[in-house]
Structures are given as C-alpha cells and as structure tokens.
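# Coordinate analysis (summary)
Each chain is listed here by its residues.
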Amino acid sequence: MTETLAPDDAGIARAARLLAEAELVAFPTETVYGLGGDARSDQAVAGIYAAKGRPSFNPLIVHLPDLAAVEGYAVLGPNARSLAQAFWPGPLTLVLPLRDGAGLSPLVTAGLPTVAIRVPAHPLAQRLLRAFGGPVAAPSANPSGRVSPTRAEHVLEGLSGRIAAVLDGGPCAVGLESTIVAADPQPTLLRPGGIPVEALQAALGQPLSIGGDAQKPSAPGQLASHYAPEAGVRLNATDAAPGEVLVGFGPIKGALTLSDSGDLVEAAARLFDLLRRADQLAGPGGRIAFAPVPETGLGLAINDRLRRAAAPRK
Ligand code: TXA
Ligand code: MG
C-alpha cells in the first residue's frame, strides 16, 4: 500500500523517516513530482530503478537544499557557479564533476564521473530535504517512458503499490522537468526544460551549445520515444482528423487547450496533465493531435516533450 501524506509537519516527518529507512517517497517539486530515495543507499537507488522499470544506464538527479550542501558532492566551475547563483533554488540541473569521497551510491551516476544536481524551489521539497538531511536521488515519479507526473494522483496512477508514500503538494507550478546544463568549460544544454535557454544565456553572457540530440543523447535519458501516452500523437495540427482529440494553442481551438491566450508558461504547466486527459478522451485506438507551439522560451522544452511523445515506439 502506498501512503498519501499530507503537506504538513507530520507528513514531512513521516516522509523523512521513510527516506532514512531506504524507502521510496514521491514528493512535489516545482517542475514535476520526483521519486525520491536516499542517494547514498544502494538499496534505495536500486529500488528507484526497479519501481520505474528504468534502464540502469540512465543516471539520476541528486536533490539538495542549497549550494552549500552541493559543495560536498560536486565541484563547481565558474559557469556552474554563475548559473547556480542565478537560478537555484529553481528548475535548473547542473551536471558537475563528482567530488572524491562524495559517498553517493555508484548506481546514482550509473558509473559516470559526473553527477546531475538540482536545488528545487518548491517549499515542500525544501522542507523534506532539510528534514531528511541528506542527498535525495529523484527521477520523475512515473514508469519509465511514460508521461511525467504533475499531481499526486498521476504518481499513484503509475506507481501505486510500488513505493512507500507520496507527499501530496497539489499541482506543480512549472509542469516541465528542469533544464539540464553541463556548465564548464563550455556551457552545453543537455535537456531543455523549465528555465528557458534565453535566460541561461543572459545570465552567462555567452551562448550555450546544444548537446541534447535524440540520435546521440548527451543526457543519457534522452531517448527518442518518451512521455508516451497510449494514443498515437500527431504534431503541428490545425484541425482534428476523424478519431483525433485536438489539443489547441492560441488561435487554434481544440477539445482541450494548452493555453487559449498562447501563453507558454501556462502551456508548460498544463502539458503533462493534458496529455493524460487527451489520452483518456481518445480511448482505445484513438489519436491525439497537437496545435503548433512556437520554438521560443519554454516552447523549446514543450516541443521537445511533444516530439518524444509523438516518436515511434520501440
Ligand atoms: O525536474 C526534474 O529534473 C525532475 C525533478 C523530479 O527534479 N527530475 C527528472 O529526472 O526529470 P529524470 O530522471 O526523469 O531525468 C534526469 C535526466 C536524465 O535524462 C538523465 O540521463 C540525466 O538527467 N542525467 C543524470 N545524470 C547525468 C549525468 N551525470 N550526465 C548527463 N546526464 C545526466
Ligand atoms: Mg523522467
């Protein structure tokens, strides 16, 4: 049985105690819900891979409450430090050289000499990390290859009975996973996400090279087919073909809409919930069509997720 924990002192204390016992607890961040386990514990980290059905070559993000805590696990170069100061806490993950003797389970990094680290801003994530007092490994709390969860109900749909608890913090405000950057020496975008590339470039005062490529993934989790609903997905649709549920954006109106006003922040926050709802509406054998979304700001990350949702399934 998976416990649902309330977002109060008792819920946080219970969640922290379960983590300390190497149990798995899903918790809200401002991006998506994470499936948390003690990043120092082989048992907990192996449990995360098992609960998700995740290929073990795909390393996990380690969550910490602040930059001071991060210094104990990773080495920050000058670009990493600028980005950390500008965007932490927040939806940014930095891939950093692992510090000697950091004490993380080798399963977290899947044998890489680097570690992906994030300082989330969500108040419940912050409280949980501080109550637990250690590094929390957390991928998105969905079965591998499926749509990421932005509500506690989504977590339970995919993982009920496979994890100890979910801390219910309501819907996630950003709705897309963190932007992943390898910062030094050359800042490189590994996954578009909740912080737009334009904002990263402004903070760095230099362009980012693009390293995320479905053919040759630099963040190893970047597989072409991901975020897959049951229904097939068609992109850049201007109207619904027979048997399709159209998801609109701006001027293109659908049965569901990412954002009537064409607002990318609203569209990002709604994307994963709408993918699930469209899937239910489409029903067995049905299809989903998405209206075009511009490739600027958060649109880069939205389109990245939509292309993976539409990619041929393995
Ligand atoms: O917003 C988020 O980032 C959410 C919340 C829960 O924090 N987490 C998340 O984790 O999206 P996950 O496991 O679904 O995605 C982690 C990505 C994968 O693509 C993985 O390959 C990449 O981070 N990654 C982890 N460690 C890495 C490393 N050392 N080098 C390159 N990529 C790495
Ligand atoms: Mg994921």
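What you see is a predicted model, and the numbers here were worked out from it, not measured in a lab.

## Brief notes about the overall build of the protein
Within the protein one finds 10 helices and 15 strands. For a compact globule of 314 residues, the expected C-alpha radius of gyration is about 20 Å, and the protein comes in at 19 Å, within 12% of that figure. With respect to the principal axes defined by its C-alpha atoms, the protein has extents near 60 × 50 × 35 Å. Within the protein, buried positions represent 56% of all 314 residues. Intrachain contacts of the protein at a sequence separation of at least 6 include 67% that bridge at least 24 residues. For the protein, the accessible surface area stands at approximately 12,400 Å², while carbon and sulfur atoms represent 56% of it.

## Details of the sheet that holds strand 8 (residues 165-167)
Pairing in this open sheet of 11 strands is mixed, and the strands run 1-8-2-3-7-4-6-5-9-10-11 from one edge to the other. In this open sheet, the two edge strands, each paired with only one partner strand, are strand 1 (3-5) and strand 11 (209-210). Bridge count for strand 2 (residues 25-28) against strand 3 (residues 33-38) is 4 bridges, and the pairing is antiparallel. For Val 25, the partnering residue across the bridge sits in strand 3 and is Gly 36. Packing against the sheet, helix 2 (residues 42-52) makes contact with strand 3 and strand 7 (136-137), and its axis sits at approximately 145 degrees to strand 3.

## Looking at the sheet that holds strand 15 (residues 287-290)
The pairing of strands in a sheet comes from backbone hydrogen bonds and takes either a parallel or an antiparallel form. One open sheet holds the 4 strands; their spatial order is 12-15-13-14, and the pairing between them is parallel. Of all the strands in the sheet, the pair left with one neighbour each is strand 12 (232-234) and strand 14 (256-257). Helix 9 (residues 264-282) contacts strand 13 (244-248), strand 14 and strand 15 of the sheet and is inclined by roughly 140 degrees relative to strand 15.

## Side note on the domain arrangement of the protein
We note that the domain assignment places domain 1 (3-210) and domain 2 (232-310) within the protein. Taking only C-alpha atoms, the centre of domain 1 and the centre of domain 2 are 26 Å apart. Residue-level contacts link 23 residues of domain 1 with 15 residues of domain 2. Buried surface at the junction of domain 1 and domain 2, summed over both partners, amounts to about 1,400 Å²; 58% is from carbon and sulfur atoms. Our enumeration of links across domain 1 and domain 2 arrives at 3 salt bridges. Across the pair Glu 157 and Arg 276 runs a salt bridge whose closest N-O atoms are separated by 3.2 Å. Only helix 7 (152-159), strand 10 (188-191) and helix 8 (197-204) provide two or more residues apiece to the side of domain 1 that touches domain 2. Its residues placed into classes, the side of domain 1 that touches domain 2 shows 11 nonpolar, 7 polar and 5 charged.

## With respect to the pairing of strand 3
With 6 of 6 residues buried, strand 3 lies mostly within the body of the structure. Where strand 2 folds back onto strand 3 in an antiparallel hairpin, the turn is made up of 4 residues. Examined bridge by bridge, strand 3 and strand 7 share 2 bridges and lie antiparallel to one another. Across the sheet, Gly 37 pairs through a bridge with Ala 137, a residue of strand 7.

## Some words on the nonpolar core
With 46 residues, the main nonpolar core has Leu 83, Leu 92, Leu 94, Ile 117 and Val 181 as its most contacted residues. Every element with two or more residues in this core is listed here: strand 3, helix 2, helix 4 (78-87), strand 5 (92-97), strand 6 (114-118), helix 7 and helix 8. The contact partners of Leu 94, leaving out residues within four places of it in the chain, are Ala 80, Leu 83, Ala 84, Trp 88, Val 115, Ala 116, Ile 117, Val 181 and Ala 183. Counting 33 residues, the second-largest nonpolar core is a separate cluster that includes Val 147, Tyr 227, Ala 278 and Ala 289.

## Overview of the side chain of Arg 118
Assignment of secondary structure puts Arg 118 in strand 6. In this structure Arg 118 comes out as buried when scored by relative accessible area, which is 3%. At 3.2 Å, the side chain of Arg 118 forms a polar contact with the side chain of Thr 29. A polar side-chain atom of Arg 118 sits 3.4 Å from the main-chain carbonyl oxygen of Gly 90.

## Regarding unusual backbone geometry
Residue Trp 88 is joined to Pro 89 through a cis peptide bond whose omega torsion reads -5 degrees. Looking at the secondary structure, you find Pro 89 in the loop between helix 4 and strand 5. Across the junction of Asp 184 and Pro 185, the peptide omega takes the value -5 degrees, indicating a cis bond. With a phi angle near 50 degrees, Ala 110 is a residue other than glycine that sits in the positive phi range. Structurally, Ala 110 is set in the loop between helix 5 (106-109) and strand 6.

## A word on the pairing of strand 6
Most of strand 6 sits inside the fold, with 4 of its 5 residues counted as buried. Taken together, the 3 bridges between strand 4 (residues 61-63) and strand 6 define a ladder with parallel strand orientation. By the bridge assignment for strand 6, Ile 61 is matched with Ala 116. Across 5 bridges, strand 5 lies against strand 6 in antiparallel orientation.

What counts and what doesn't
- Residues numbered from 1 in each chain as written.
- Chains lettered and ligands numbered in written order.
- Predicted model: local features only at pLDDT ≥ 70, side-chain atom pairs only at ≥ 80, totals over all residues.
- Heavy atoms only, no water.
- Helix = DSSP H or I, 4+ residues; strand = E, 2+ residues; numbered from the N terminus.
- Rg over C-alpha atoms; globule rule 2.2 N^0.38 Å.
- Buried < 20%, exposed > 50% of the residue type's maximum accessible area, 1.4 Å probe, protein only.
- Contact = heavy atoms within 4.5 Å.
- Areas by Shrake-Rupley, 256 points an atom, 1.4 Å probe, with all protein chains shown as cover.
- Pairing = 2+ DSSP bridges.
- Axes fitted to C-alpha atoms, helices over the stretch in contact; angles between N-to-C directions.
- Domains from an automatic or database assignment.
- Buried area = accessible area lost by both parts, 1.4 Å probe.
- Salt bridge = Lys/Arg side-chain N within 4 Å of Asp/Glu carboxyl O.
- Nonpolar A, V, L, I, M, F, W, Y, C, P; charged D, E, K, R; others polar.
- Core = buried A, V, L, I, M, F, W, Y, C linked by side-chain atoms within 4.5 Å.
- Polar contact = N/O pair within 3.5 Å; in protein donor to acceptor, adjacent residues only side chain to side chain.

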